[in-house]
Amino acid sequence: MKKTTKNADQHSFENQVQKNTKKIPFWSTLMGFAKGEYRRLVFAAVASILTGVTVAVQPLIIKYIVDNGISNTAVPPEERLKIAAFYCLIMWWPPCFV
């Protein structure tokens, strides 16, 4: 009478999985699916990068609006308004195109 244990069954299953597992080349498989769509994929990647950069830079622009435009008492109020408006245009201009 032969006794099988849970560990022996698990070990034989792992051996079967290792024998049946093939390494699939990731990039060549991905490029096979993307055939003919390279321009669209590059455009999407560039747009994604521009969106990330724009989102990362916006807090810096807000800092300049507050520091140089709103709370800068060294320049007259009209000039402060122009500086704040300029930085606001810089802040909202790039997201319109991305």
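Above this text sits the structure in question.
Quick caveat: nothing in here was measured; it's all calculated off a predicted structure.

A. Geometry of the overall build of the chain. The number of helices and strands found in the chain is four helices and zero strands. Across the chain, helices and strands are ordered from the amino to the carboxyl terminus as α-α-α-α. As displayed, the chain offers around 8,900 Å² of accessible surface, 67% of which is attributable to carbon and sulfur atoms.

B. Spotlight on helix H3 (residues 38-70). Helix length check: H3, at 33 residues, gives a terminal C-alpha distance of 46 Å against a target of 48 Å (1.5 Å per residue), a fit within 8%. At Gln58, H3 is deflected by roughly 30 degrees, the largest bend along its length, and proline Pro59 occurs up to four residues later in sequence. By the burial criterion, the buried members of H3 are Thr54, Ile61, Ile65 and Gly69.

C. Here's a closer look at a nonpolar patch on the surface. On the surface, a cluster of nonpolar side chains totalling about 560 Å² of accessible area is made up of Phe26, Trp27, Leu30, Met31 and Tyr38. No other element matches the four residues that helix H2 (residues 26-33) contributes to the nonpolar patch. Relative to the helices and strands, Met31 resides in helix H2. Residue Met31 is classed as partly exposed on the basis of its relative accessible area of 35%.

Cut-offs used in this document
Residues numbered from 1 in each chain as written. Predicted model: local features only at pLDDT ≥ 70, side-chain atom pairs only at ≥ 80, totals over all residues. Heavy atoms only, no water. Helix = DSSP H or I, 4+ residues; strand = E, 2+ residues; numbered from the N terminus. Areas by Shrake-Rupley, 256 points an atom, 1.4 Å probe, with all protein chains shown as cover. Expected span 1.5 Å × (residues − 1). Bend = angle between axes of the 7 residues up to and from the residue. Buried < 20%, exposed > 50% of the residue type's maximum accessible area, 1.4 Å probe, protein only. Patch = residues over 30% accessible without salt bridge, like charges linked within 9 Å, V, L, I, M, F, W, Y side chains within 5 Å. Salt bridge = Lys/Arg side-chain N within 4 Å of Asp/Glu carboxyl O.

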